[in-house]
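The primary structure of each chain is shown beneath.
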Amino acid sequence: MKRLFILTIALICGVSVFSQNAKTELPRLKGLSFGIGIPVECYDLKAAGTNIHIGGDFAYPVNDKFAMGFYISGGGGFLGSFKPYNEYDKFYSVIKLSAGLLMEFGDLKNQPFILGIGPGAGLEYVDMDLVLPIEVRFGRVFSNNWYVMGELSYGISLAKETRCIEPSIRVGYNFGNKSKANKKSHKK
């Protein structure tokens, strides 16, 4: 797990440095996304609930068909037990912070596809149990500034007490779609 985490960080840094030398007329993804998810704990607690997420998404063009970067996300919510142990043990808190690789595929100027992978690079607490989230994001840019992503997250408990699955949907706004070349031509 440590090797995978170190490899992910090295890949993010290496591609980000390389992509800064890419053509300036290509759009960049510098977005802010908001989402809602439905976490389900199916092993010990037998509970479901709601989480709210906020995150930053960054991808820089490598060429005109591919951009690569990273995302960082945080959020929290609650779980409600289906069969509580007692009257005081009905609701559980969820806190989550995660990061991962983010890529854009297709024509970067015309609604590219988005793919994100988070290989356990984050922390999640489900009822005070430490969980490492493994995430997959998939989506598409659907206008100049707006994009939508679906996310599926699976939490691996370090104490082997919790198994948490969370599907969620995110909507984001891209602040970096205007290239430097377009900005210069608009100023003239």
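Up top you'll find the structure we're talking about.
Draft legend 1. Fine view of the overall build of the protein chain. Check the secondary structure of the protein chain and you find two helices and ten strands. For the protein chain, the α and β elements follow one another from N to C terminus as α-β-β-β-β-β-β-β-β-β-β-α. A burial count over the protein chain gives 44% of its 188 residues as buried. Considering only contacts within the protein chain whose residues lie at least 6 apart along the sequence, 60% involve residues at least 24 apart. When the accessible area of the protein chain is evaluated, it comes to approximately 10,600 Å², of which 66% is carbon and sulfur surface.

Draft legend 2. Fine view of the environment of Thr-50. Summarising the element assignment, Thr-50 is placed in strand β3 (residues 47-63). Look at Thr-50 and you get partly exposed, because its relative accessible area is 31%. For the pair formed by Thr-50 and Glu-166, sequence separation is 116 residues and the distance between their alpha carbons is 9.3 Å.

Draft legend 3. Inspection of the pattern of salt bridges at higher detail. Taken as a whole and assessed by the stated rule, the structure comprises six salt bridges. A salt bridge links Glu-135 to Lys-96; the nearest nitrogen and oxygen atoms lie 3.1 Å apart. Of the two residues, Glu-135 is situated in strand β8 (residues 129-141) and Lys-96 in strand β5 (residues 91-105); the sequence distance between them amounts to 39 residues. The residues Glu-135 and Lys-96 share a single accessibility class, namely buried. Where Arg-170 meets Glu-151, a salt bridge forms, and the shortest distance between an N and an O atom there is 2.8 Å. Here Arg-170, found in strand β10 (residues 163-174), pairs with Glu-151, found in strand β9 (residues 146-157); they are 19 residues apart in sequence, far enough to count as distant. Taking relative accessible area as the criterion, Arg-170 reaches 2% and is therefore assigned buried. Glu-151 sits in the buried class, given a relative accessible area of 3%. One continuous salt-bridge network, built from bridges that share partners, spans Asp-57, Lys-96, Glu-135, Arg-137, Glu-151, Glu-166 and Arg-170.

Draft legend 4. Representation of a nonpolar patch on the surface. A cluster of nonpolar side chains, namely Ile-134, Val-136, Phe-138, Leu-152, Tyr-154, Ile-156 and Ile-165, defines an oily patch on the protein surface of about 560 Å² accessible area. Contributions of two or more residues to the nonpolar patch are made by β8 and β9. Topologically, Ile-134 is positioned in strand β8. Relative accessible area serves as the criterion here: at 34%, Ile-134 is assigned to the partly exposed category.

Draft legend 5. Region of the structure containing the packing of aromatic side chains. Tallied over the entire structure, the rule returns five aromatic pairs. For the pair Phe-58 and Phe-70, a centre-to-centre distance of 5.1 Å together with 35 degrees between the ring planes defines the contact as tilted. Taken together, the residues span a long stretch of sequence, with Phe-58 in strand β3 and Phe-70 in strand β4 (residues 66-81) at a distance of twelve residues. Taking the relative accessible area as the measure of exposure, Phe-58 reaches 24% and is therefore partly exposed. For Phe-70, a relative accessible area of 29% puts it in the partly exposed group. An aromatic cluster is present here, built from Trp-146, Tyr-173 and Phe-175 joined pairwise through their rings. When the ring centre of Phe-113 is taken as origin, the NZ or CZ atom of Arg-140, which lies over that ring, is 4.2 Å away. The ring centre of Tyr-43 lies 4.1 Å from the NZ or CZ of Arg-163, which sits over that ring.

What counts as what
- Residues numbered from 1 in each chain as written.
- Predicted model: local features only at pLDDT ≥ 70, side-chain atom pairs only at ≥ 80, totals over all residues.
- Heavy atoms only, no water.
- Helix = DSSP H or I, 4+ residues; strand = E, 2+ residues; numbered from the N terminus.
- Buried < 20%, exposed > 50% of the residue type's maximum accessible area, 1.4 Å probe, protein only.
- Contact = heavy atoms within 4.5 Å.
- Areas by Shrake-Rupley, 256 points an atom, 1.4 Å probe, with all protein chains shown as cover.
- Salt bridge = Lys/Arg side-chain N within 4 Å of Asp/Glu carboxyl O.
- Patch = residues over 30% accessible without salt bridge, like charges linked within 9 Å, V, L, I, M, F, W, Y side chains within 5 Å.
- Phe/Tyr/Trp six-rings, centres within 6.5 Å; stacked < 30°, edge-to-face > 60°.
- Lys NZ or Arg CZ within 6 Å of the ring centre and 35° of its normal.

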